[in-house]
Amino acid sequence: MPISPLSASQRWRPYVTVACIVTDAERYLVVEEKINGKPVYNQPAGHLKNNETLTQAGVREALEETGWTVELKHLVGVYQWRSSEHGDSVLRFCFAARALRHDPTRKLDSDIQRALWLTRSELAALGMRLRSPLVLTSIDDWLGGARWPLAILS
């Protein structure tokens with residue numbers, strides 16, 4: 001008996017997200033956002049949109065969430081994680097980026113409270129207020145020298 005193909009609604013698909021590690025000396029650009037009514041901290045990050053490249057998504061999310069235009073320099077890593085927030089699998093592409101210019105008048109995404117610059121130790125001190133363990137994991141990977149050329153994403 002032939003196996004019938006799964007319908008689109010029955011296929012498993014992880015969420016595909018992008019995040020940016022934006023540095024200024026020893027500080028990292030992060031956002032404070034409200035999730036389920038509680039403040040959490042994350043890198044500028046979000047979901048890949050249809051007909052968008054991963055690199056376009058990284059630049060867009062940084063701008064929408066922080067008001068900073070960034071230039072992506074490297075891929076730091078690709079991370080698979082099950083979200084404690086919604087229980088679904090996430091495939092996260094994390095980029096290292098350089099801040100180019102800031103538009104302080106830009107309206108940020110509605111769930112973003114503010115963008116701020118914090119050191120790694122300040123981020124670590126936030127503990128469970130980090131949106132996911134991937135915030136520190138990806139920074140530590142970057143600090144350890146993880147840098148892949150963007151061309152591998154072609």
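These numbers come from a predicted model, not from an experiment. (Residues numbered from 1 in each chain as written. Predicted model: local features only at pLDDT ≥ 70, side-chain atom pairs only at ≥ 80, totals over all residues. Heavy atoms only, no water.)

### Concerning the environment of C20
Item 1. Looking at the element boundaries, C20 is found in strand 1 (residues 15–24).
Item 2. A relative accessible area of 0% means that C20 is categorised as buried.
Item 3. Along the primary structure C20 and C94 are separated by 74 residues, whereas in three dimensions their C-alpha atoms are 5.7 Å apart.
Item 4. Apart from the residues lying within four places of it in its own chain, the contact partners of C20 are Q43, P44, G58, A62, L72, F95 and A97. (Helix = DSSP H or I, 4+ residues; strand = E, 2+ residues; numbered from the N terminus. Buried < 20%, exposed > 50% of the residue type's maximum accessible area, 1.4 Å probe, protein only. Contact = heavy atoms within 4.5 Å.)

### Overview of the pattern of salt bridges
Item 1. This structure, assessed with the given rule, holds 9 salt bridges.
Item 2. Residues R27 and D24 are paired through a salt bridge, measuring 2.5 Å at the closest nitrogen-oxygen approach.
Item 3. Relative accessible area serves as the criterion here: at 34%, R27 is assigned to the partly exposed category.
Item 4. Judged by its relative accessible area of 35%, D24 is partly exposed.
Item 5. Two residues, K73 and E71, come together in a salt bridge whose shortest N-O distance is 3.9 Å.
Item 6. Exposure remark for K73: the relative accessible area of 39% places this residue in the partly exposed category.
Item 7. Overall, the relative accessible area of 29% leaves E71 in the partly exposed class.
Item 8. Overlapping salt bridges bring together E52, R60, E61 and E64 as one network. (Salt bridge = Lys/Arg side-chain N within 4 Å of Asp/Glu carboxyl O.)

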